[in-house]
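# A closer look at the structure
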Amino acid sequence: MAAKDNYGAENISILEGLEAVRKRPGMYIGSVGSRGLNHLIYEIVDNAVDEHLAGFCSEINVTLNPDGSVTVEDNGRGIPTAKHPTAGVSAVEVVFTILHAGGKFSDDTYKISGGLHGVGSAVVNALSKELSVEVKRDGKVFFQSYKQGKPLAPLKETGICAKKTTGTKVTFAPDPEIFEKTEFKSDAVRSRLHETVYLNPGLTIHFTDKRPGFEADEVFHEPEGLSAYVKALNEGKETVCDIVRFSDSADDIEVEVAFQFVDVFEENILGFCNTIFTQEGGSHITGFKTKFTTVINQYARELGILKEKDANFTGTDVRNGMTAVIAVKHPDPRFEGQTKTKLDNPDAATVVANITGIGVTHFFDKNPEQLKAVIECANKSAKIRKAEEKAKTNMLSKSKFSFDSNGKLANCESRKASECEIFIVEGDSAGGSAKTARNRATQAILPIRGKILNVEKASIDKVLGNAEIQSMILAFGCGFMEGYGNDFDIDKLRYDKIVIMTDADVDGAHIDTLLLTFFYRFMPELIKAGHIYIATPPLYRAKPKKGEGEYLYDDRALEKYRQEHEGESFEVQRYKGLGEMDPEQLWETTLNPETRILKQVEIEDAILASKVTEMLMGTEVPPRRDFIYAHADEAEIDA
Ligand code: 2B7
């Protein structure tokens with residue numbers, strides 16, 4: 001303890017502070033898993049970003065070192081090195097050891113980015129096996145190092161440098177006593193750094209991974225800022241208008257907005273305050289949304305698209321297809337909500353609304369054609385919403401008391417959703433076999449007949465009027481059309497797994513595609529949360545004269561079997577459909593969790609299915625099963 005002489009009452013409370021962080025790391029960084037680990041990097045980087053926001057730092061280097069430590073370096077002013085008037089140690093030491101150092105050295109509007117409001121450095125220090133800091137300032141180089149947050153010696157002058165060379169360099173190694181694993185996940189770090197430069201167009205971040213096997217070198221710099229962000233978010237999508245961008249400030253609140261409409265049926269609106277991602281939204285987002293709705297409705301009336309008797313478009317209508325990023329800087333942000341990521345300041349709503357009104361009007365006054373295209377998106381959404389509202393009232397009145405509208409569902413006995421599965425089975429005969437074969441405690445069977453309606457093509461009221469679709473919606477129990485009727489509630493889902501089970505032929509593939517399209521359009525959350533699966537029944541059963549038979553799931557497996565059994569005689573049975581299997585075989589190959597193969601559907605698969613459906617609208621050619629499967633997640637034995 002080299003710094004012993006300095007240790008008075010103040011220092012005891014410092015040690016207590018650091019100990020509190022080590023005792024409850026989750027309170028400060030969320031978790032001690034890989035997210036929390038990465039958080040250490042963000043805390044340090046955020047301090048450098050603050051220095052950028054203060055106007056003094058243009059470059060940040062982030063290096064993952066071969067020994068598992070991280071180095072973050074900025075070219076800002078360097079943390080002040082002079083003795084802190086009350087703490088009796090250098091300001092550097094205060095920053096790295098005192099939990100409430102936030103803002104002490106800062107100008108008024110300084111504290112702007114980052115999560116822990118200035119105590120990040122001390123938290124990271126407390127959770128590091130070792131940490132060292134080097135500051136260049138006033139033509140001198142200073143150094144101090146710590147172990148588990150405790151200084152090994154006071155800040156020391158170690159050399160000289162050019163007077164104009166200034167900055168801070170921090171190297172730390174996460175403490176394995178605290179973290180489950182101490183290996184950083186570079187993908188998450190890189191995307192966070194990329195996000196940071198979209199929000200700070202003047203900043204360059206250089207990322208280097210020097211760990212053996214992970215070597216990487218990348219420079220993040222986005223001089224186009226939010227426009228580039230929106231462009232990246234919309235990559236690969238068909239655009240409906242140009243990127244609209246505006247920024248201004250009022251009452252000390254800076255506002256920057258970029259948005260663009262694309263040809264998709266959803267909205268994607270991201271908010272930031274002081275470069276912190278506001279996951280739960282808040283006043284800045286509300287201000288933007290409210291004003292945007294008003295402006296579009298005014299335009300729609302002026303243009304006669306909405307007639308006097310027509311109701312206004314809803315907010316959801318006018319944001320159909322919108323991708324937007326709204327970033328504000330607020331001198332005194334307040335965050336509320338479950339994860340403290342909802343901006344609460346009412347003045348942010350007013351300022352964003354005013355600036356949005358001016359910005360949006362300015363753009364659309366000059367670009368009437370684009371305005372019409374955007375209003376057309378709202379119109380489409382409104383039509384669907386109205387049809388759906390009507391259909392929903394009809395449907396609800398028909399089926400209030402039952403969740404099996406036509407008596408086809410063979411439900412399972414358990415009511416514990418986490419252990420329940422529902423199989424959507426093509427055809428009554430396969431449905432019958434499946435009902436006999438299943439484990440009735442946890443497995444429900446819903447037979448559907450023939451080809452369900454093409455949901456891309458049909459209007460919403462027809463879709464919801466379709467008996468097969470009604471049975472599914474009612475069986476699942478969680479409503480539908482998230483974001484439109486606002487009726488969807490994933491917590492009400494009755495089954496953990498929804499398994500599509502169709503014949504291994506082209507018709508089966510077509511039904512898979514239609515079902516995926518339906519899920520994608522009406523219940524995308526089910527896919528995103530990983531509840532949708534496709535069963536893979538075997539195509540063949542091969543049986544040698546002597547010995548056990550074997551199920552083969554595709555042609556490749558059959559070919560392999562042939563090669564392995566060359567010279568032996570064996571029989572191959574080809575299953576043309578699920579109906580050809582007896583209940584026992586169906587159980588063994590497709591239903592039994594121990595032996596079956598399920599493919600979990602990812603949202604990309606469903607997007608693809610929806611595209612295929614769109615592509616095939618009006619044609620008779622069914623897509624090949626391979627086409628879906630080629631893009632499905634790797635097959636996994638689901639145990
Ligand atoms: C609230 C605390 C954390 N700080 C300063 C000044 C510059 C500065 C910092 C920093 C991370 C890794 C390289 C202010 C602010 C402490 O007070 S922290 N630069 N960089 C950093 O942590 N980078 C500062 C006023 C005048 N001179 C310097």
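Residues numbered from 1 in each chain as written. Predicted model: local features only at pLDDT ≥ 70, side-chain atom pairs only at ≥ 80, totals over all residues. Heavy atoms only, no water.

### Concerning the overall build of the protein
What counts here: A run of H or I in DSSP becomes a helix once it reaches four residues, and a run of E becomes a strand once it reaches two; helices and strands are each numbered from the N terminus. For the exposure calls, accessible area comes from a 1.4 Å probe over protein chains only, and a residue counts as buried if that area is under 20% of its type's maximum, exposed if over 50%, partly exposed in between. The criterion used for residue contact is that any of the two residues' heavy atoms lie within 4.5 Å. In this description, accessible areas are obtained by the Shrake-Rupley approach with a 1.4 Å probe, and a residue is regarded as covered only by the protein chains that are shown.
Each helix and strand counted, the protein has 20 helices and 25 strands in total. Per-residue burial for the protein yields a buried fraction of 51% across its 639 residues. A separation of at least 24 residues holds for 68% of the contacts in the protein among residues at least 6 apart in sequence. For the protein, the computed accessible surface area is about 30200 Å², with 49% contributed by carbon and sulfur atoms.

### So, the sheet that holds strand β12 (residues 268-273)
Two pairing modes exist for strands in a sheet, parallel and antiparallel, and in both the strands are linked by backbone hydrogen bonds. Stated formally: A pair of strands is treated as paired once DSSP finds two or more bridges between them.
Spatial strand order, β10-β11-β14-β12-β13: five strands in an open sheet with mixed pairing. The sheet is open, and its two edges are formed by β10 (244-250) and β13 (276-277), each paired on a single side. In this sheet, strand β14 (residues 322-329) lies alongside strand β11 (residues 253-261) in antiparallel orientation, the contact comprising eight bridges. From the neighbouring strand, Q260 faces β14, where its bridge partner is T323.

### Some points on the pairing of β14
With eight of its eight residues buried, β14 lies for the most part within the structure. Side chains of β14 alternate between two faces, with M322, A324, I326 and V328 and T323, V325, A327 and K329 buried alike.

### Notes on unusual backbone geometry
At D138, a position not held by glycine, the phi torsion is positive, near 55°. Looking at where D138 falls in the secondary structure, it is placed in the loop between β3 (128-137) and β4 (140-147). Even without being glycine, T275 reaches a positive phi, approximately 65°. Tracing the chain through its elements places T275 in the loop between β12 and β13.

### Notes on the sheet that holds strand β22 (residues 550-552)
We count it as follows: Axis lines are fitted through C-alpha atoms, for helices just across the contact stretch, and the angle between N-to-C directions can take any value from 0 to 180 degrees.
One open sheet accounts for three strands, arranged β22-β21-β23; its pairing is antiparallel. Strands with a single pairing partner mark the edges of an open sheet, and in this sheet they are β22 and β23 (570-574). Across the sheet, the axes of successive neighbouring strands diverge by a mean angle of 25°, strand direction being ignored.

### Overview of the pattern of salt bridges
Which entries qualify depends on this criterion: Criterion for a salt bridge: a side-chain nitrogen of Lys or Arg within 4 Å of a carboxyl oxygen of Asp or Glu.
On inspection of all chains with the given rule, the structure shows 22 salt bridges. Salt-bridge contacts for D209 lead to R211; the nearest nitrogen and oxygen are separated by 2.9 Å. Here D209 matches R211 in class, with each residue buried. In this structure, K342 and E336 form a salt bridge, with 3.8 Å as the shortest nitrogen-oxygen distance. Using a relative accessible area of 28% as the deciding quantity, one classes E336 as partly exposed. Within this structure, R22, D175 and E177 form a network of salt bridges that share partners.

### Notes on the packing of helix α14 (residues 467-476) against helix α15 (residues 506-522)
Two measures define how a pair of helices packs: the angle their axes make with one another and the distance between the axes. Under the convention used in this document: What sets the label is the angle itself: under 35 degrees gives roughly parallel, over 145 gives roughly antiparallel, 65 to 115 gives roughly perpendicular, and the rest give oblique. By the definition used in this description, the sense in which the near helix is turned from the far one sets the handedness, with an anticlockwise turn below a right angle giving left-handed and a clockwise turn giving right-handed. Side-chain classes follow a simple rule in which Ala, Val, Leu, Ile, Met, Phe, Trp, Tyr, Cys and Pro form the nonpolar group, Asp, Glu, Lys and Arg form the charged group, and the remainder, Gly included, forms the polar group.
Closest axis-to-axis distance for the α14/α15 pair is 12 Å, and the angle between their directions is 55°. Considering their axes alone, α14 and α15 lie oblique with respect to each other. In this structure, α14 meets α15 at a crossing whose hand is right-handed. Together, I469, M472, I473 and F476 of α14 and L515, F518 and F519 of α15 make up the contact between the two elements. Residue composition of the contact of α14 with α15, by class: seven nonpolar, no polar and no charged.

### Considering the state of the cysteines
Keep this limit in mind: Any two cysteine sulfur atoms lying within 2.5 Å of each other are counted as a disulfide.
Enumeration over the complete set of coordinates arrives at zero disulfides. C241 takes part in no disulfide bond, and the closest cysteine sulfur to it belongs to C377, at a distance of 7.9 Å. Judged by relative accessible area, C241 falls into the buried class, the value being 5%.

### Some details on the packing of helix α12 (residues 428-437) against helix α18 (residues 583-591)
Following both chains from N to C, one finds α12 and α18 inclined at 80°, their axes separated by 8 Å at the closest point. By the angle between their axes, α12 is roughly perpendicular relative to α18. Together, A430, S433, A434, T436 and A437 of α12 and P583, L586, W587 and L591 of α18 make up the contact between the two elements. Residues that form the contact of α12 with α18 fall into these classes: seven nonpolar, two polar and no charged.

### Points about the confidence of the model for the protein
Threshold: By definition, pLDDT measures how confident the predictor is in each residue, and it falls between 0 and 100.
Mean pLDDT over the protein stands at 86; residues scoring 70 or higher make up 85%. Here residues 101-115 is a poorly scored stretch, pLDDT under 50, and it has 39 contacts once near neighbours within four places are set aside; other chains count. Low pLDDT (under 50) marks residues 618-639, which in the prediction has 49 contacts with non-local residues, meaning those over four places away or in another chain.

### Quick notes on the environment of D310
Locating D310 in the fold gives a position in the loop between α8 (283-302) and α9 (315-318). Contact partners of D310, with chain neighbours within four places excluded, come to R301 and I305.

### What about a negative patch on the surface?
Rules: Each patch is assembled from residues with relative accessible area greater than 30% and no salt bridge, linking like charges that lie within 9 Å and nonpolar side chains (Val, Leu, Ile, Met, Phe, Trp, Tyr) that lie within 5 Å. None of His or the chain ends enter the tally, which takes Lys and Arg as positive and Asp and Glu as negative. Charge positions come from single atoms, namely NZ of Lys, CZ of Arg, CG of Asp or CD of Glu.
Together, D251, D252, E254 and D347 make up a region of like negative charge exposed at the surface. Mapped onto the elements of the fold, D252 is located in the loop between β10 and β11. Residue D252 is classed as exposed on the basis of its relative accessible area, which comes to 64%.

### Remarks on the side chain of N274
Quick reminder of the rule: N or O atoms within 3.5 Å of each other form a polar contact, as long as, within protein, one can give a hydrogen and the other can take it, and as long as residues adjacent in sequence are counted only when both atoms are side-chain atoms.
With respect to the element layout, N274 can be found in the loop between β12 and β13. Using a relative accessible area of 0% as the deciding quantity, one classes N274 as buried. A distance of 2.7 Å separates a polar atom in the side chain of N274 from the backbone nitrogen of H330.

### Observations regarding the nonpolar core
Soluble, globular proteins show a tendency: their nonpolar side chains are buried together. What counts, and what does not: Note on terminology: a nonpolar core comprises buried Ala, Val, Leu, Ile, Met, Phe, Trp, Tyr and Cys residues joined through side-chain atoms within 4.5 Å.
Formed by 51 residues in total, the largest nonpolar core has its most connected members in I41, I60, V62, F96 and F172. Take this core: its biggest share by element is eight residues, from helix α3 (residues 34-53). Within the second largest apolar cluster, 40 residues are counted, among which are F261, I285, V328 and C377.

### Focus on the side chain of R211
Considering the arrangement of structural elements, one finds R211 in the loop between β8 (204-209) and β9 (216-220). On the basis of relative accessibility, which here comes to 7%, the residue R211 falls in the buried class. A distance of 2.9 Å separates a polar side-chain atom of R211 from the backbone oxygen of F184. Those residues in contact with R211 that sit more than four places away from it in its chain are L64, N65, P66, E183, F184 and S186.

### Considering α15
Note the threshold: Working rule for helices: expected span equals 1.5 Å times residues minus one.
Across its 17 residues, α15 extends 24 Å between first and last C-alpha, which sits within 8% of the 24 Å expected from 1.5 Å per residue. With respect to burial, α15 is a largely interior element, 15 of its 17 residues being buried.

### Things to note about the pairing of β11
Extensive coverage of β11 is indicated by the burial of eight of its nine residues. Two elements, β10 and β11, share seven bridges in a ladder whose sense is antiparallel. Bridge pairing in β11 links A250 to I253.

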